[in-house]
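# Residue-level structure breakdown
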Amino acid sequence: MSAVHSAVREPDFCKHMLTLLPLKITAVTHHIPSFLRIPAEALIGEQCYDTLVYDFDITDVDCLKYSLSKGLGFGIVVGGGIIKIPQIVTIVSTRSAKGLSLSAYALETVAYAINLAYNSRNNFPFSTYGENFFLTIQNVIITLLIVYFAPQRGAVIGANSLTSKKNPNGGKVFTGIVITIATGLALWSEQLCPLTFLSLLQAATLPLSIISKAPQIIQNHKSRSTGNLSAFAVFNGLLGCVARLFTTKQEVNDPLIFWGFAAAAAMNAILAFQVFIYRKSDDEILEDRRHSASERGDHVVLEKPVVLEGGNGKRWARKLD
């Protein structure tokens, strides 16, 4: 009999606990310190803060979507500030931009800059495009590093660009800096670049997003290697673009921006796939070829491969024992 009474009372107990739970939570949310409350209100808005946090009403779908979008946007902006730092560190530490396509990065930088100017001048929320500010700066640095460490004609492949007292590419880097500054001033100038023309440029970033990734994809395919291309940057770029599809649809709903991110996500997916299938390092490939040579009885030592910009894939140096 007691078991029957227990079974009858159990649903009542659960219902009672579900009623008390929000009361216990709101007892906490009503007393959140201002140093936490103010940033949260600034992020998701006072109305959604009151609904979701203060009153703990998680049934408001619109506020849930908006808050999720804001949270994702904030995370993407923060991630955008560091996403290409590993790529920069790799280039500087190895003193080589091997495997990186100059044309791909130059075109991608232009697309980032146009997108940044378009969003900024349309006064869209910073959380929907803020990462482009950091990505543009980082891409400019990477592009200039590719120019700086580009091998000279007649130079020994793999030679250090910093071994000479004066790098002959320094003038090209300076020219690149001047062009970058001039382009930035033009994009933010109402006289030089009216908003109507900037909208056309934003529309052009859709094919530009595809074209900018094409040289890198082709180069990876030809060399069967991603060289010094940062896997961290590629995979995080893909995730960021996918997340941006949601935040753009939720907060901006601008088709030009939405389809631009869609195109970028598709191309980043191809790059991510290449990173996955070409995951073997150059050293592993070298070891495989040495093993194959030894099985054939060849007394040939294969040196480390070098990917040449604009070349036909890898060049393998050979020398006799």
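Think of each chain on its own: its residues are numbered from 1, step by step along the sequence as written. Note on the predicted model: pLDDT of at least 70 is required for a residue's local features to be given, and 80 or more for side-chain atom pairs to be given and counted; whole-chain, interface and lining totals, by contrast, use all residues. Values shown for side chains rest on all heavy atoms present in the structure; no hydrogens or waters enter the calculation.

If you check an unreviewed UniProt entry, the protein appears there as Mannose-P-dolichol utilization defect 1 protein homolog from Cryptococcus amylolentus CBS 6273. UniProt positions are given in the numbering used here, feature names are shortened, and annotations may be inferred rather than shown by experiment. UniProt, in the comment section headed Sequence similarities (unreviewed entry), describes the protein in these words: "Belongs to the MPDU1 (TC 2.A.43.3) family."

## Focus: the state of the cysteines
Sulfur atoms of two cysteines make up a disulfide when they are within 2.5 Å. Scanning all chains against the criterion turns up 1 disulfide. Residue Cys48 pairs covalently with Cys63 via a disulfide, S to S 2.2 Å. Here Cys48 and Cys63 share a disulfide; its torsion about the S-S bond, -85°, makes the bridge left-handed. Linking Cys48 in helix H3 (residues 46–54) with Cys63 in helix H4 (residues 61–80), this pair joins segments that are 15 residues apart in sequence. The way it works is that DSSP assigns letters per residue, a run of H or I at least four long becomes a helix, a run of E at least two long becomes a strand, and they are numbered from the N terminus.

## Quick look at the side chain of Thr205
The residue Thr205 is located in helix H9 (residues 195–223) in this model. Burial classes follow relative accessibility: with a 1.4 Å probe on protein chains only, a residue under 20% of its type's maximum area counts as buried, one over 50% as exposed, and anything between as partly exposed. Among the residues examined, Thr205 registers a relative accessible area of 4% and is labelled buried. Identification of polar contacts relies on pairs of N or O atoms within 3.5 Å, with a donor-acceptor requirement for protein atoms, meaning one able to donate a hydrogen and the other able to accept it, and with residues adjacent in sequence counted only if both atoms are side-chain atoms. A polar contact of 2.4 Å, which involves the side chain of Thr205, links it to the backbone oxygen of Gln202. Here, residues are in contact when the closest pair of their heavy atoms is within 4.5 Å. Excluding its chain neighbours within four sequence positions, the residues that come into contact with Thr205 are Ala111 and Ile114.

## Digging into the side chain of Glu131
Summarising the element assignment, Glu131 is placed in helix H7 (residues 130–148). With sequence-adjacent residues up to four places away left out, Glu131 is seen in contact with Ile76, Val77, Gly80, Arg244 and Phe261.

## Some remarks on the UniProt feature "transmembrane region" (unreviewed entry) in the protein
Residues annotated by UniProt as "transmembrane region" (unreviewed entry) correspond here to residues 72–92, 133–150, 171–189, 195–214, 226–246 and 258–278. A helix fraction of 81% and a strand fraction of 0% characterise residues 72–92, whose end C-alpha atoms lie 31 Å from each other. Counting secondary structure, residues 226–246 comes out at 76% helix and 0% strand; the distance between its end C-alpha atoms is 29 Å.

## Considering the nonpolar core
Put simply, buried Ala, Val, Leu, Ile, Met, Phe, Trp, Tyr and Cys residues joined by side-chain atoms within 4.5 Å make one nonpolar core. Grouped together as the largest cluster of nonpolar side chains are 17 residues, with contacts concentrated most on Ile91, Leu100, Tyr105, Ile142, Ile146, Leu229 and Val234. If you list the elements that add at least two residues to this core, you get helix H5 (85–94), H7, helix H10 (231–252) and helix H11 (255–277). Top contributing element to this core by residue count: H11, with 4 residues. Note that domain bounds follow an automatic or database assignment of domains. Residue contributions to this core reach at least three from each of two domains, namely domain 1 (85–150 + 170–193) and domain 2 (198–286).

## Some details on a nonpolar patch on the surface
The residues that make up patches have over 30% relative accessible area and no salt bridge, and they are joined within 9 Å when like-charged or within 5 Å when they are Val, Leu, Ile, Met, Phe, Trp or Tyr. Each accessible area value is a Shrake-Rupley result obtained with a 1.4 Å probe; residue values ignore everything except the protein chains displayed when judging cover. Salt bridge, as used here, is a side-chain nitrogen of Lys or Arg placed within 4 Å of a carboxyl oxygen of Asp or Glu. A surface patch of nonpolar side chains, about 350 Å² in accessible area, is lined by Ile82, Ile85, Val89 and Phe232. Here Ile85 is to be found in helix H5. Judged by its relative accessible area of 37%, Ile85 is partly exposed.

## Describing a negative patch on the surface
A cluster of acidic residues, Glu46, Asp50, Asp55 and Asp57, forms a negative patch at the surface. Relative to the assigned elements, Asp57 resides in the loop between H3 and H4. In this tally, Lys and Arg are treated as positive and Asp and Glu as negative; His is ignored, and so are the chain termini. In plain terms, the charge of a residue is placed at NZ if it is Lys, CZ if Arg, CG if Asp and CD if Glu.

## Things to note about the pattern of salt bridges
Should their charged atoms come close, side chains of opposite charge can pair. The full count for this structure, using the stated rule, is 6 salt bridges. Note that Glu108 and Lys84 form a salt bridge whose closest N and O atoms lie 2.9 Å from each other. Taken together, the residues Glu108 in helix H6 (residues 102–121) and Lys84 in the loop between H4 and H5 connect sequence positions 24 residues apart. For the pair Glu108 and Lys84, a shared accessibility class is recorded, and that class is buried. Arg244 is the partner of Glu131 in a salt bridge, and the nearest nitrogen-oxygen pair spans 2.7 Å. With a gap of 113 residues between them, Glu131 in helix H7 and Arg244 in helix H10 connect regions that are remote in the sequence. Each of the two residues, Glu131 as well as Arg244, counts as buried.

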